[in-house]
Amino acid sequence: MKAMEMQWRQLTWLAIFSIAMAFLETAVVVYLRKIYYPEGFDFPLTPMDPQLVVIEWLREVATVLMLAGVGILAGRSPNQRLAFFLAAFSIWDIFYYAFLKLLLGWPESLLTWDILFLIPVPWIGPVLAPCLISLTLLLLAAVIYSRDLQNPAHRLNGREWSFLTLGSLLVILSWTRDYLMLSKSRVAASVESSFIFSDYVPQSYNWWLFAMAEVLLLTGIFLFWKRTKVLVY
């Protein structure tokens, strides 16, 4: 009974920390949008001061390190550390958009385009995409954590990691594909194309690529869940 109370306390504080981190992230974005997008955020992107771009990169790295750090500190085993990091990241991301909606009335819908990340190029996609990925990662965290409580020896094997890794890479590709192609064309084209990023307006999202990535991720989760399932006779 005492062990269960400790687990719930641990999970509760993990959620509180992640939600607080989400509000902090939202506050920074609110400030940036007041400065660069006083009429409301939209594409094409407004060029930022190079120093602020570097600061934004470092802020993003710091955010991920903080979320990873809370997972490492809270977990008692490698499985728990991974599960807590994934859970913290997922809760942070979902509540980030919830707070943006509350404070700015944005996004207008789940299909509204957003900048998801900046390193090494901008990651662009409809809000629905990162929300679905966050729910998928939350599911993975729940499965890993529950299996660890049953038997700490349960670990993701090579095949399961392959599905999860490939799925993750395809998700990232779906968010960075346009900018990677623009970068390539800018290098090959004339000097005038140096303004191509500030002129970029996303037109369509590759939902098929995203769907393939989701299938791979869910397959990896299912294989791990099935392999470690405890049979009760």
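From a predicted model like this one, the values you see are computed outputs, not experimental measurements.

A. Inspection of the pairing of strand β1 (residues 113–117) at higher detail. Sheet analysis places β1 next to strand β2 (residues 123–126), joined by 4 bridges and oriented antiparallel. Residue pairing in the sheet places Trp113 in a bridge with Pro126 of β2.

B. Inspection of the side chain of Thr228 at higher detail. Residue placement: Thr228 occurs in the segment after α7 (207–227). Within the local environment of Thr228, its side chain forms a polar contact with the side chain of Arg147, the two groups lying 2.6 Å apart. Once residues lying within four places of it in the same chain are set aside, the contact partners of Thr228 are Arg147, Gln150 and His154.

C. Region of interest: a nonpolar patch on the surface. Taken together, the side chains of Leu111, Leu132, Leu135, Leu138 and Trp207 make up a nonpolar region of the molecular surface, amounting to roughly 420 Å² of accessible area. Residue contributions to the nonpolar patch peak at 3 residues, all from helix α4 (residues 128–150). Overall, the relative accessible area of 54% leaves Leu111 in the exposed class.

D. How the structure looks around the pattern of salt bridges. One pass over the structure, following the stated rule, counts 5 salt bridges. Note that Glu25 and Arg59 form a salt bridge whose closest N and O atoms lie 2.8 Å from each other. With a gap of 34 residues between them, Glu25 in helix α1 (residues 2–36) and Arg59 in helix α2 (residues 50–74) connect regions that are remote in the sequence. In terms of burial, Glu25 and Arg59 fall into one category: buried. In this structure, the salt-bridge partner of Glu56 is Arg59, at a minimum N-O distance of 2.6 Å. Taken together, the residues Glu56 and Arg59, both in helix α2 and 3 residues apart, mark about one turn of the helix. Like Glu56, the residue Arg59 is buried in the burial classification. One connected set of salt bridges, linked through shared partners, spans Glu25, Glu56 and Arg59.

About the criteria used
For every chain, the first residue of the written sequence is number 1, and numbering continues from 1 along that sequence. In keeping with the predicted nature of the model, local features appear solely for residues at pLDDT of at least 70, side-chain atom pairs appear and are counted solely at 80 or more, and the whole-chain, interface and lining totals rest on all residues. Computation of side-chain values covers all heavy atoms of the structure but excludes hydrogens and water. Each pair of strands is called paired provided DSSP finds at least two bridges between the two strands. Numbering of helices and strands runs from the N terminus; a helix is a DSSP stretch of H or I covering at least four residues, while a strand is a stretch of E covering at least two. In the analysis that follows, any N or O atom pair within 3.5 Å is treated as a polar contact, provided that within protein one partner can donate a hydrogen and the other can accept it, and provided that, for residues neighboring in sequence, both atoms belong to side chains. Should any heavy atoms of two residues lie within 4.5 Å, those residues are considered in contact. Patches were defined on residues exceeding 30% relative accessible area and lacking a salt bridge, with like-charge contacts within 9 Å and nonpolar side-chain contacts (Val, Leu, Ile, Met, Phe, Trp, Tyr) within 5 Å. For the area figures, the Shrake-Rupley method with a 1.4 Å probe applies, and any residue is considered shielded solely by the protein chains shown. Salt bridges are defined by distance alone: a side-chain nitrogen of Lys or Arg within 4 Å of a carboxyl oxygen of Asp or Glu. Partly exposed describes any residue whose relative accessible area lies between the buried limit of under 20% and the exposed limit of over 50%, with all areas from a 1.4 Å probe on protein chains only and scaled to the type maximum.

Everything listed is a geometric property; what it means functionally is a separate question.
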